[in-house]
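The lines below spell out each chain.
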Amino acid sequence: VAERNYQNGNLSNKTRGIYSVAYNTKDLNYITFATTGSATDFGDLTHKIYNFAAGSNGTLGLMQLTRYRDGSDNLIHSPAIIDKITIATAGNATDFGYTMSVATLDATGLSDGTTFIKAGGASSNSCSNTVNTIEKMTFDTSANGSDFGDLTSTRYAFCGSANLTYGIFAGGQSACTNINTIDYITVATPGNATDFGDLSAAYNGHTACCNAERMTVSGGGTTNWTNIEYVTMATPGNSTDFGDLLGDSIDPGANSGNAS
């Protein structure tokens, strides 16, 4: 189906990439990285969503539904719902049983394989109410999410990705203004984010994915919505041009896995 992702999260293991189909639906699709072809239905989320922040440990995928519709179709802004899927087994999501503590819209998620991070967002449906909160939760958790630290600035509609060591956040909007900030955390060590460098332009509504070495940032709201750029994750510094998407894209989704 044609989709607008609306800053929804994406998650993957080495074999499959999981995507939300479109806002205001429950639908999840997946692709197999080594097999070129169309997406396949995966199953349904527990609620219709507008936004979620996601991460995986290779087996489980967690999706914190930052904005969703309840059984009466009311639009809810809450940290209470975290959905869980087993990536290798298509089927409907189930309730993870634990919650984050801060209600934010358009937050971003990432994971180092052990810890699931939800960062940033807005405290209400307004770009003037962006926050800098970072929360954490472990995949083998027996507790709700807890405070990790703060981003270097408030922001929402941004992107992030992680390898086994670093989580990197890029761009977004802060107080209704696009920013080019890149900052990073060491996912295993709670604390405030540190400046990493700058994107080539100020973006919002873009997406990121990574392998162990590089994170790419693509699409988003600038004068050039086809741009792809990258950073080397172990080396703080400004981003470098990578190439272009096939067409303009805002609020896209991206994942990374084995090519074969």
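See the structure above.
What counts as what
- Residues numbered from 1 in each chain as written.
- Predicted model: local features only at pLDDT ≥ 70, side-chain atom pairs only at ≥ 80, totals over all residues.
- Heavy atoms only, no water.
- Pairing = 2+ DSSP bridges.
- Helix = DSSP H or I, 4+ residues; strand = E, 2+ residues; numbered from the N terminus.
- Axes fitted to C-alpha atoms, helices over the stretch in contact; angles between N-to-C directions.
- Phe/Tyr/Trp six-rings, centres within 6.5 Å; stacked < 30°, edge-to-face > 60°.
- Lys NZ or Arg CZ within 6 Å of the ring centre and 35° of its normal.
- Buried < 20%, exposed > 50% of the residue type's maximum accessible area, 1.4 Å probe, protein only.
- Lys, Arg positive; Asp, Glu negative; His and termini not counted.
- Salt bridge = Lys/Arg side-chain N within 4 Å of Asp/Glu carboxyl O.
- Polar contact = N/O pair within 3.5 Å; in protein donor to acceptor, adjacent residues only side chain to side chain.
- Contact = heavy atoms within 4.5 Å.
- Disulfide = S-S within 2.5 Å.

*Asks:* I'd like to hear about the sheet that holds strand β10 (residues 115–119), residue by residue, with values.
*Replies:* The four strands are arranged β9-β10-β11-β12 in an open sheet whose pairing can be described as antiparallel. Among the strands making up the open sheet, the edge pair consists of β9 (108–111) and β12 (146–150). Between one strand and the next, the sheet's axes are offset by a mean angle of 25 degrees, whatever the strand orientation. Examined bridge by bridge, strand β11 (residues 133–138) and β12 share four bridges and lie antiparallel to one another. Among the inter-strand pairings, isoleucine 134 is bridged to a residue of β12, identified as glycine 149.

*Asks:* Which residues make up the packing of aromatic side chains, and what values go with them?
*Replies:* Under the definition given, this model contains eight aromatic pairs. One aromatic cluster is present, built from ring pairs that chain together Tyr166, Tyr184 and Phe196. Looking at arginine 16, its charged tip hangs above the ring of tyrosine 30, at a distance of 4.0 Å from the centre. Sitting above the plane of the phenylalanine 158 ring, arginine 155 keeps its charged end 5.2 Å from the centroid.

*Asks:* So, the side chain of aspartate 112: which residues are in play, and what are the values?
*Replies:* For aspartate 112, the position within the fold is in the loop between β9 and β10. Buried and without a salt bridge, aspartate 112 has lysine 136 as its closest oppositely charged side chain, separated by 11 Å. A polar side-chain atom of aspartate 112 sits 2.9 Å from the main-chain amide nitrogen of threonine 114. A polar contact of 2.8 Å, which involves the side chain of aspartate 112, links it to the backbone nitrogen of threonine 115. Ignoring sequence-local partners within four residues, the contact set of aspartate 112 consists of Ala162, Asn163, Leu164, Val187 and Ala188.

*Asks:* How would you summarise the environment of threonine 32 if you had to cite specific residues and measurements?
*Replies:* Tracing the backbone shows threonine 32 in strand β3 (residues 25–32). A C-alpha to C-alpha distance of 16 Å links threonine 32 and asparagine 211, two positions 179 residues apart in sequence. Leaving out residues up to four positions away in the same chain, threonine 32 has contacts with Thr15 and Arg16.

*Asks:* Account for the state of the cysteines, naming residues and giving values.
*Replies:* With the rule as written, the count across this model stands at one disulfide. Each sulfur of the disulfide joining cysteine 127 and cysteine 176 lies 1.9 Å from the other. Negative torsions about the S-S bond denote left-handed disulfides, and the value of about 90 degrees found for cysteine 127 with cysteine 176 makes this one right-handed. On the criterion of sequence distance, the pair formed by cysteine 127 in the loop between β10 and β11 and cysteine 176 in the loop between β15 (173–174) and β16 (177–186) is long-range, its members being 49 residues apart. The exposure class assigned to cysteine 176 is partly exposed, which follows from its relative accessible area of 37%.

*Asks:* How would you explain the side chain of arginine 155 if you had to name every residue and give the values?
*Replies:* Within the secondary structure, arginine 155 is located in the loop between β12 and β13 (159–162). Here arginine 155 falls in the buried class, since its relative accessible area comes to 0%. Reaching out from arginine 155, the side chain makes a polar contact with the backbone oxygen of glycine 171 at a distance of 3.3 Å.

*Asks:* Now, about the sheet that holds strand β18 (residues 207–210): what can you tell me, with residues and values included?
*Replies:* The strand order across the open sheet built from four strands is β18-β19-β20-β21, with neighbouring strands paired in antiparallel fashion. At either margin of the open sheet sits one strand with a lone partner, and together these are β18 and β21 (240–244). Averaged over all pairs of adjacent strands, the angle between their axes in this sheet comes to 25 degrees, without regard to strand direction. Note that strand β20 (residues 227–232) and β21 share four bridges and pair antiparallel. The partner of glutamate 229 across the bridge, within β21, is aspartate 241.

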